[in-house]
Amino acid sequence: MKVKGYFWGCLSSSTYGLIPLFAIPILGKGMLYDSLLFYRFTCTSLLIAIMMLFKKESFAITRKDLLPLISLGVLFALSAQCLFWGYQYLAVGTAATILFLYPVFVALLMAVLFKEKIPKISQLAIVIAFLGVSLLYKGENGTTLNPFGIGLLLLSAFMYALYIVIVNKSSVRNMAGSKLTLYAMVFSSIFFLVKSLLSGGIQAFPDTMSVVDLVMLALLSTVISNIAMVYSVQYIGSTATAVLGAMEPVTAVCVGIFAFNELFTKNLAMGILLIVIAVSLIVLSDFISKKIKFRLPHKTKFGNR
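I will try to describe carefully the structure that is included in this document. Quick caveat: nothing in here was measured; it's all calculated off a predicted structure.

**Notes on helix α9 (residues 177–198)**
Phase 1: The terminal C-alpha atoms of α9, which comprises 22 residues, lie 32 Å apart, in line with the 32 Å expected from a rise of 1.5 Å per residue.
Phase 2: Just downstream of α9 lies Gly200, where phi reads positive at about 115°.

See below:
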């Protein structure tokens, strides 16, 4: 059973890391971000709705769920918008690596908003994470990354972290994953529909290949990624699934190298390694703390949890 869980976890994170492979070619043909993201989330919503109909799942929501679901849709939309904007300024591998910082922001938000203590292991991880970003910022030939691009990706990670916090702390926390994802995608689609209409309307696709890329973007990088994540959590739990999320930036780096001829530098490798270590420490902080306390002598001031 664990092997299945690891498979689904790797599939989830690696398919999510394929976003630039399908999105950047469409953007390169002149389609605006708002139109592309409207198509992405509309297509995703339709695919999830079809899946729910096939499985005879309920679409019903309560009035008190409406505001959290709208908030989730807007946050997911803003995170996606900042990510796609970031592709203008940063290599796709670097962008995905910075986005992978979202668990750091989750830990910080939980501490600020809900007064949860940040374990010392997580504090160390936060320092390591931002050290990793600093390595990404400084190139080996003395050049630096675009600060605005870094800011966009940090904002994207922050918005996604807010999304996760609302899922965990609002009335929708017990909602079925497929239903929650459906409504979040629907409201993301509406968000970009309004933006597109306010800025001149929704663009048509430049060619047939762009339609294929869109379907792959919605199917692989959104629907399959989310479904695989649910299966992974069921088989191996949320902690192991989160650690396997490290496949996401690794996949995006490979996409950048092989599809877009981006360079793989020592600083990029070290930055990715530090950020992956930091995120893993945050995810595993409770487990590590319990192991350390378990191994301490019983008669200490720390006691046992």
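**Side note on the packing of helix α4 (residues 63–86) against helix α8 (residues 147–169)**
Phase 1: Running from N to C, α4 and α8 cross one another at 160°; their axes reach a closest spacing of 8 Å. Of the possible angle classes, the one that applies to α4 and α8 is roughly antiparallel. Relative to α8, α4 is oriented so that their crossing is left-handed. Here α4 contributes Pro68, Ser71, Leu72, Leu75, Phe76, Leu78, Ser79, Cys82, Leu83, Trp85 and Gly86 to the contact with α8, which in turn contributes Leu152, Leu153, Leu155, Ser156, Met159, Tyr160, Leu162, Tyr163, Ile166 and Val167.
Phase 2: The residue inventory of the contact of α4 with α8, partitioned by class, reads 17 nonpolar, four polar and no charged.

**Brief notes about the packing of helix α5 (residues 92–99) against α8**
Phase 1: It is at 8 Å that the axes of α5 and α8 come closest, and there the two elements cross at 40°. What the angle tells us is that α5 and α8 run oblique. Crossing of α5 over α8 shows right-handed handedness. Each of Ala95, Ile98 and Leu99 in α5 lies in contact with α8, whose residues at this interface are Ile150, Leu153, Leu154, Ser156 and Ala157.
Phase 2: By residue class, the composition of the contact of α5 with α8 is seven nonpolar, one polar and no charged.

**Here's the deal with the packing of aromatic side chains**
Phase 1: Inspection of every chain in the model, using the stated rule, returns 16 aromatic pairs.
Phase 2: Taking 5.3 Å as the distance between ring centres and 65° as the angle between the ring planes, the aromatic pair formed by Phe7 and Trp8 counts as edge-to-face.
Phase 3: With 5.0 Å between their ring centres and 35° between their planes, Trp8 and Tyr231 make a pair best called tilted. Of this pair, Trp8 sits in helix α1 (residues 2–16) while Tyr231 sits in helix α10 (residues 208–244); the two residues are 223 residues apart in sequence, bridging distant segments of the chain.
Phase 4: Take Trp8: its relative accessible area is 24%, and that puts it in the partly exposed class.
Phase 5: A connected cluster of aromatic rings, assembled from ring pairs, spans Phe41, Phe76, Phe100, Tyr102, Tyr160, Tyr163, Phe191 and Phe192.

Thresholds applied
- Along each chain, residue indices are assigned from 1 in the same order as the chain's sequence is written.
- Residue-level local features of this predicted model are given only where pLDDT is at least 70; pairs of side-chain atoms are given and counted only at 80 or more, and the full residue set underlies all totals for whole chains, interfaces and linings.
- With hydrogens and water excluded, all non-hydrogen atoms of the structure serve as input to the side-chain values.
- The helix count covers DSSP runs of H or I at least four residues long, the strand count covers runs of E at least two residues long, and both are numbered beginning at the N terminus.
- By this rule the span expected of a helix is its residue count minus one, scaled by 1.5 Å.
- Fitted lines through C-alpha atoms give the axes, limited to the stretch in contact for helices. The angle between two N-to-C directions lies from 0 to 180 degrees.
- Each angle is binned into one of four classes, with values under 35 degrees roughly parallel, values over 145 roughly antiparallel, values of 65 to 115 roughly perpendicular, and all other values oblique.
- Crossings are sorted by hand: turned counterclockwise from the far helix by less than a right angle, the near helix makes the crossing left-handed, and turned clockwise it makes it right-handed.
- Contact definition: two residues touch when any of their heavy atoms are within 4.5 Å.
- Only Asp, Glu, Lys and Arg are considered charged in this grouping, and only Ala, Val, Leu, Ile, Met, Phe, Trp, Tyr, Cys and Pro are considered nonpolar; every other residue, Gly among them, is considered polar.
- When two rings of Phe, Tyr or Trp (its six-membered ring) have centres within 6.5 Å they constitute a pair, described as stacked for plane angles under 30 degrees, edge-to-face for angles over 60, and tilted for the intermediate range.
- Think of it in three bands: residues with accessible area under 20% of the maximum for their type are buried, residues over 50% are exposed, and the middle band is partly exposed, with areas taken using a 1.4 Å probe on protein chains only.

The analysis is restricted to geometry; functional conclusions fall outside its scope.
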